[in-house]
Amino acid sequence: MSAITEEVVDSASIAAASTKRKSLWLVALRNPNVIIGGMILLTMLVIAILAPFLGTVDPTRIDPAARNKKPGTEITYRLDDGTTMKRVAIMGTDSLGRDVYSRVLYGARVSLAVGVAVSIISVLIGMVIGLVSGYVRWADGIIMRVMDGLMAIPGILLAIALVSIWRAGLITVVFAIVVPDVPRVVRLVRSIVLTVREEPYVEGAISVGTPTWILMFRHILPNTVAPLIVQGTFLAAAAILTEAALSFLGIGIPPEIPSWGNIMAEGRTLFRVFPHNILYPGIFLALTVLAINIMGDGLRDTLDPKMSKKV
Amino acid sequence: MSTETKRPVLEVRNLSVALPKGGDRVHAVEKVSFTVNPGEIVCLVGESGSGKSVIAFTVMGLLAKALKPTSGEILLEGENILTADESRLRELRCTRMSMIFQEPMTALNPVMTCGEQIDEVLNTHTNLDAATRKAKIIAILDRVKLPEPERIYASFPHQLSGGQRQRIMIAMALVLDPVLLIADEPTTALDVTTQAEILKLVAELQAGQGTGVLFITHDFGVVAEIAHRVAVLRWGELVEMGPTEQILSRPVQAYTKMLISSVPSITPLHRGVRRDGKTVLRTEKLGKIYTGNAFFQKARVVKAAVDVDLDIRRGETLGIVGESGSGKSTVARCIARLIDPSEGKIYLGDTEIATMSARKLRPHRRRVQIVFQDPYRSMNPRITVGDFIIEGPMNFGLGREEAMARARKLMETVRLDPNALDRFPHQFSGGQRQRICIARALAMEPELLIADEAVSALDVSVQKQVLELLDEIRVRLNLAVLFITHDLRVAAQICDYVAVMSKGRVVEYGSAEQVFGSPKAEYTKALFAAAPGRHWDFGKFAA
Amino acid sequence: MIDFIARRLIAIIPVLAVVAVFVFLMLRLTPGDPAAVIAGDNATSDQIADIRNKLGLDEPIWSQFAIWIGNVLQGNFGESFFFKKTVAELIAQRVEPTLALAVCTLLFAVSISVPIGVMAAYRQGSLLDRAVMGFSVLGFSVPGFVIGYCLIYVFAIELGWLPVQGYVRIGVNFWQFLERMILPSLTLSVGFVALISRITRASVLEVLNEDYIRTARAKGLSNRVVLMRHALRNAAVPILTVIGLGIAILIGGAVVTESVFGLPGLGRLTVEAVLSRDFPTIQTVILLFSVVYVVINLLIDISYTLFDPRIRY
């Protein structure tokens, strides 16, 4: 119905746009999806930061006497000064006697850190390469061939390959997830640059002699901000899932670090008897990723309506 | 004719359609009444936002969900179809009433052959067998004068030209001989020669079958060409209605008078230009060639511009006139060096800029400024009008304060409020934006101003104001202007010299009087002959 | 048409070249001596020297690449140091479960997700639409292994309807094979269905806004005909594209799913190879998966011509 609505909505949309421009971010913050997702995410963030004060014990502390306890079992701890303490393990313990509740809470730190780090790093790297690719013609061919090649390797496999070279660790895992993400950001930024540089206002700026770097920062780059925030949100969600999958397979973060993937990896062997080792971190993981995805949907609908039509 | 047959095919009574909340007015259409008789062409004419298309879509029952008819009746041969249910409307569509649309390029399904798409109509509404249907389709394709109906039947839409696609749409609409044809700006997207053919076809077919036609347009030339009666609309209300001759020559309402006065005359204005100014721009055998590449086929070469020789002196307006694909914009963009010419020379004063490197070119960029067609995409939505205007001068070393002072002056020159400099583009209308773009171009103190279809997207009343402004500035600043347009009327009013382009070449070049008065090239003659309403002299009325 | 296919074929050459260079450099860019990395932490210096010799590591890097790519093109992918077999043999052994899993998932997921996506678009804003969109966000968010274990817990442990883990070759016993395919395919389908139903909905919605849909309505066609004949065929290209891109998710998901359900496929092999730092195997698996991914997408590209007569350049 585009033609019919165009004529009528034209004046209406101009009126609406005047309120829209300035308060786009406020509109985003009023979107129910953004609110719900943001609230859950904020809760996770608080849990991650305040983990030591939420009735946890040392998540790496091994206790041979308290192995494989079901949720709700009361456990007697022998503290370093010789005294003992009774405590209910509300999520049970794992096969080394570590407290699952404490591990899950501390695990939020790893997941959120991975999500934030991966999205920021890949967006920054991807933006720079994408700008160069979209604007420097001779570089475009080479860059895009390399990006196409990287995209031809399925993401998780590329990450697995990279961890296998670099040896496991938090930082190597982050970069192993960043590498397959970068081409996606590059493509997004490049396509925006290519579209925007055809806009009459950019050509107009060229014809009044605006130097290339001002052209980039003033007229082109601002168009990438909203789509990149949206993309960054989805990358964070995917990164948390990938980290969990790598750790779950035993090729991610070293097993002594409590991450949700590691807790589940540890619980695999005795899953039939003690499903809680997989259940609790699974719920936290799914909830966190769900919150980010819901928030991402809300952000996309408000900040980047053109894209929300597409996907 | 007996009174029986004089019953109107379409009667719209007191129709109101509500706009969604938050719009700039409550109703898209308010209390509109009119009739369309058998064998009659009624034109609904109005500027953008007048609600003319909404009426057309309401009749077809194809309104967007956001728009709701709130009162009135629409009688199709006496049957109120505003209250008819969806299945009844489906029965009526294409059998009693049909519609053709503005964009023939997108109105046909790209993945079905044209024959299949017409066949769908017959298959849905009749019980004819396949062979009869095919025969009927070939017959209608022949009637809309498409060559080789058999081949067209099996063609996909993308294999046909815009005019041919519109013929397919007409064939589809008329295959079942409906009593009412609604045409929503059916020629607006077409070139002038194609437009003339389609108008002729519509008139012929409806006269032959006695079809009533509701024809939506914004172009008074088209109205003069085709309409029996005219209804003028403004902001959803019917301003005036009457026989064509009466409305065009003796309008009663002030708005109608203003609209008709704004239509540029096709007779060129004698402006008495002395060819004594300094030559600002001269092109020598300017050419632009695009090459596509293919592996197993011959590489496609598109000659967008070939051997273009032009010159413009100070205080003079040179128009380049041509249909779409004629290469007129390519020439403009080469001169502004937004694209690099493939051959030839461009002299700006004494400086040759066609082959100059980007770095060496930058100081000369100031001298040529361009105003684009689309006022909504010409301004960066994120920066204020003030920053937009001073961007250029500041690139050339002017201080912010001085540049702003210049911007304030220029806002007055283009008759806008200088205090609006801190506003954002979305707070301005299309015409106002075009003025701002002119101000920005002038801020560079250019020697040559290029207007690339700069008034084509504007309503006729706004267009007139912008044209007057451009001409006033040319005189006052003794500026050279290169004016690109497809609109012959506009060209006649603003150009001192005219170059007619076709297929990348200049086919005729001379003073406006000579080109309009006694065209020599066959192409130019055909072009002028096709201009709608060329025999009508639109009077100038005091408002 | 031939020109179009030729173009697509030529276009994948640089892509595969980049993949090959990456896979080759993977090992060479490892910090330390690649031979020592391959041999593992407990290798003797003789073993390291042996590997060094086999890989031609003393040659300049260009000729190493030439030797390697020459071998790869001849189907010689080297020898697994861990499994003590040629990599080609190893992969031939492991390919069946992965292929079976992928085919089952693809069939199941596409046959579910396209219809629900179309219905959601058709009834935009309805309860069904919101349910589909809700499910799709959920499907993106819950990791495959959590879904897998939930399914095992409910259907295999609590209800006892299906076996927990393991694989039976299709030739050995078809019913047992099918029984063991159900839960893994279901697990792997969740993310895939989420993706495809979403994209189907979006593409159909976009097409429904096109001018030719308006034309079809103006012809008096019923909604069903407009949807099925006009909208869906035009929406097919983006849907196919995403199915092609989704193969990457399928491959990644297979690695995890095979581990959860103990399927002895290529995904499981990848993990085992990484854990034992068996580089020739890792390299080959990555190369193989990438080639499969690229070729499937090439076929999808070519299939566009069936749906859209305009794509013939």
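Parameters and conventions
Residues numbered from 1 in each chain as written. Chains lettered and ligands numbered in written order. Predicted model: local features only at pLDDT ≥ 70, side-chain atom pairs only at ≥ 80, totals over all residues. Heavy atoms only, no water. Helix = DSSP H or I, 4+ residues; strand = E, 2+ residues; numbered from the N terminus. Contact = heavy atoms within 4.5 Å. Areas by Shrake-Rupley, 256 points an atom, 1.4 Å probe, with all protein chains shown as cover. 1 Å grid on protein atoms, 1.4 Å probe; cavity = no way out; pocket = protein on both sides within 12 Å on 5 of 7 lines; lining within 4 Å. Points joined across faces, edges and corners; volume = space filled by probe spheres on them. Nonpolar A, V, L, I, M, F, W, Y, C, P; charged D, E, K, R; others polar. Buried area = accessible area lost by both parts, 1.4 Å probe. Salt bridge = Lys/Arg side-chain N within 4 Å of Asp/Glu carboxyl O. Polar contact = N/O pair within 3.5 Å; in protein donor to acceptor, adjacent residues only side chain to side chain. Buried < 20%, exposed > 50% of the residue type's maximum accessible area, 1.4 Å probe, protein only. Arc of directions from axis to C-beta.

Caption draft 1: Examining the overall build of chain A more closely. Regarding its fold elements, chain A presents 13 helices and two strands. Taking all contacts inside chain A whose residues are at least 6 apart in sequence as the whole, residues at least 24 apart take part in 69%. Accessible area for chain A stands at about 13000 Å²; split by element, carbon and sulfur atoms hold 68% of it.

Caption draft 2: Highlighting the layout of surface pockets. Space inside the second largest pocket adds up to approximately 880 Å³. Lining the second largest pocket we find 27 residues, and of these Tyr135(A), Arg137(A), Arg197(A), Ile206(A) and Leu338(B) sit closest to its centre. For the lining of the second largest pocket, the elements supplying multiple residues, two or more each, are helix H4 (100-135), helix H5 (137-152), helix H7 (170-196), helix H8 (200-207) and helix H9 (212-220) of chain A together with helix H12 (358-365) of chain B. Broken down by element, the lining of the second largest pocket gets its largest block of residues, five residues, from H12(B). Among the residues forming the lining of the second largest pocket, the class breakdown is nine nonpolar, five polar and 13 charged.

Caption draft 3: Structural view of the interface of chain A and chain C. Contacts between the two partners involve 47 residues from chain A and, on the opposite side, 50 residues from chain C. When chain A packs against chain C, close to 4200 Å² is buried across both sides, 73% of that on carbon and sulfur atoms. Of the charged contacts, one joins Asp297(A) and Arg198(C) as a salt bridge, the two residues approaching to 2.7 Å between their closest N and O atoms. Taken together, the links from chain A to chain C amount to three residue pairs in polar contact (both at pLDDT 80 or more). Mapped by element, the contributors of at least two residues to the side of chain A that touches chain C are helix H1 (2-20), H5, helix H6 (155-166), helix H10 (222-248), helix H12 (276-303) and helix H13 (305-310) of chain A. Tallied by class, the residues present in the side of chain A that touches chain C amount to 32 nonpolar, six polar and nine charged.

Caption draft 4: Spatial organisation of the side chain of Ser185(C). Tracing the backbone shows Ser185(C) in helix H8 (residues 174-208). Of note is the side chain of Ser185(C), whose polar atom sits 2.6 Å from the backbone oxygen of Met181(C).

Caption draft 5: How the structure looks around empty space enclosed by the protein. Counted according to the given criterion, the structure contains seven cavities of 30 Å³ or more. In this structure, the largest cavity encloses a volume near 90 Å³. Along its surface, the largest cavity is lined by 13 residues, and Gly204(A), Ile370(B), Phe372(B), Phe388(B) and Arg440(B) are the ones closest to its centre. Secondary structure elements with two or more residues in the lining of the largest cavity: H8 of chain A together with strand S16 (368-371) and helix H15 (430-443) of chain B. By residue number, the principal contributor to the lining of the largest cavity is H8(A), which donates four residues. Within this model, the second largest cavity holds a volume of roughly 70 Å³. Taken together, Ser207(A), Ile335(B), Ala336(B), Arg337(B), Ile353(B), Leu361(B), His364(B), Arg365(B) and Val368(B) form the lining of the second largest cavity. Tallied by class, the residues present in the lining of the second largest cavity amount to five nonpolar, two polar and two charged.

Caption draft 6: Spotlight on helix H19 (residues 522-530) of chain B. Residues and elements named next belong to chain B. Those residues of H19 not exposed but buried are Thr524, Leu527, Phe528 and Ala530. With its buried residues spanning 160° around the axis, H19 presents them on a single face. On its buried side, H19 packs onto helix H7 (192-209), strand S13 (317-321), helix H17 (488-494), strand S19 (497-502), strand S20 (505-511) and helix H18 (512-517).

Caption draft 7: Inspection of the environment of Leu416(B) at higher detail. Mapped onto the elements of the fold, Leu416(B) is located in the loop between helix H14 (400-413) and H15. Among residues more than four places away in sequence, those in contact with Leu416(B) are Met411(B), Gln432(B), Arg435(B) and Ile436(B).

Caption draft 8: A look at the interface of chain B and chain C. Contacts between the two partners involve 29 residues from chain B, matched on the other side by 25 residues from chain C. On inspection of chain B and its partner chain C, the count reaches two salt bridges. With its nearest N and O atoms 2.9 Å apart, the salt bridge here joins Glu120(B) to Lys219(C). At the level of elements, helix H1 (52-60), helix H3 (114-125) and helix H6 (162-174) of chain B are the ones that each hand at least two residues to the side of chain B that touches chain C. In terms of residue class, the side of chain B that touches chain C is made up of 17 nonpolar, eight polar and four charged.

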